Amino acid sequence: MKNKIDLETSWMAHLSDEFNEPYMQYLTDFLFSEIEAGKKVLPEPALWFNALNSSPLDQIKVVILGQDPYPTEGHPHGLCFSVLPDVQPLPKSLVNINKELYSDLEIDNSHTGCLQPWANQGVLLLNALFTVEAKKTNAHFGRGWEQFSDKIIEIINEHCENVVFLLWGAYAQKKANIVDETRHLVLKTSHPSPLSAYRGFYGSKPFSKANEYLLAHGKNAIDWQL
């Protein structure tokens, strides 16, 4: 995989050894065997590392953690919760994220679901699993991506200071044990999906809280307007 896909320089400096680990060799073999067998792996390989390529390590301010990409063709592009431009209607979790953003900061992003501008400002939109099979949510669970994404969180925890981790839902919240909360801010709420948004996501004000923390630690706030 290392030889097939370019990875941003600062990330490759810390992750290059991971590509030689047995789990990553297994993952690589699995993914390309799936593709060769005619299965539709999403997103396309060139976008697997879009989150890392969009947000260099030294620019990370916020981490939002998702589980795996949308399983709908034409939707995922390597950033958690984000869809390609012009996708309508928006996925329901993203609709709820936009509702909370409007409630929190009166920012209306309902016109688009492409969160690339956030990523370009240092918001790492990280899925725990970087790929999925079309129409089969969580199809690549247990294949090795989890170990890779945990390594990414460990690197951020160790090499960055004063990063805001927005952990939405039980799956994401498990990653809090990798983060040193004396050096970073961890905000945990329920997931923005329709099944759980009312259990704590609505009203949690993650966007304003993130910016308040960043400003208090001498960093520029995130412009959440798309």
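Everything in this summary refers to the structure shown in the same document. As the structure is a prediction and not an experimental result, all values here were calculated from the model.

What follows concerns the state of the cysteines. Under the defined criterion, the tally for this structure stands at 0 disulfides. For Cys114, which is in no disulfide, the shortest distance to another cysteine sulfur is to Cys80 and amounts to 13 Å. Under the relative-accessibility criterion, Cys114 is labelled buried at 12%.

Counting 69 residues, the largest nonpolar core has Trp11, Phe148 and Ile156 as its most contacted members. Setting aside residues up to four positions removed in sequence, Phe148 forms contacts with Leu15, Glu18, Phe19, Tyr23, Met24, Phe49, Leu52 and Phe130.

A full pass over the atoms with the stated rule returns 1 cavity of 30 Å³ or more. Estimates place the volume of the largest cavity at around 50 Å³. Looking at the lining of the largest cavity, its residues break down into 6 nonpolar, 2 polar and no charged.

A separate point is the layout of surface pockets. The volume enclosed by the largest pocket comes to roughly 460 Å³. Lining the largest pocket we find 28 residues, and of these Asp68, Tyr70, Phe81, Ser93 and His191 sit closest to its centre. Going through the elements one at a time, β2 (62–66), α4 (92–105) and α7 (170–173) are the ones with two or more residues in the lining of the largest pocket. Sort the elements by how many residues they give to the lining of the largest pocket and α7 lands first, with 3 residues. Residue composition of the lining of the largest pocket, by class: 14 nonpolar, 12 polar and 2 charged. The computed volume of the second largest pocket comes to approximately 150 Å³. Ile35, Lys39, Lys40, Val41, Leu42, Pro43, Glu44, Pro45, Leu47, Gly74, Pro76 and Leu84 together form the lining of the second largest pocket. Residues of the lining of the second largest pocket, tallied by class, amount to 8 nonpolar, 1 polar and 3 charged.

Over its 15 residues, helix α6 (residues 145–159) extends 21 Å from the first C-alpha to the last, a length consistent with the 21 Å expected when each residue adds 1.5 Å. Among the residues of α6, Trp145, Glu146, Phe148, Ser149, Ile152, Ile153, Ile155, Ile156 and Asn157 are the ones counted as buried.

Every α-helix winds through 3.6 residues per turn, so residues three or four apart in the chain are directed the same way. Along its 14 residues, α4 runs 20 Å from first to last C-alpha, staying within 8% of the 20 Å computed at 1.5 Å per residue. Buried within α4 we find Ser93, Leu94, Asn96, Ile97, Asn98, Glu100, Leu101 and Asp104. Just past α4, the residue Glu106 takes up positive phi, approximately 55 degrees.

So, how was this worked out
- Residues numbered from 1 in each chain as written.
- Predicted model: local features only at pLDDT ≥ 70, side-chain atom pairs only at ≥ 80, totals over all residues.
- Heavy atoms only, no water.
- Disulfide = S-S within 2.5 Å.
- Buried < 20%, exposed > 50% of the residue type's maximum accessible area, 1.4 Å probe, protein only.
- Core = buried A, V, L, I, M, F, W, Y, C linked by side-chain atoms within 4.5 Å.
- Contact = heavy atoms within 4.5 Å.
- 1 Å grid on protein atoms, 1.4 Å probe; cavity = no way out; pocket = protein on both sides within 12 Å on 5 of 7 lines; lining within 4 Å.
- Points joined across faces, edges and corners; volume = space filled by probe spheres on them.
- Nonpolar A, V, L, I, M, F, W, Y, C, P; charged D, E, K, R; others polar.
- Helix = DSSP H or I, 4+ residues; strand = E, 2+ residues; numbered from the N terminus.
- Expected span 1.5 Å × (residues − 1).

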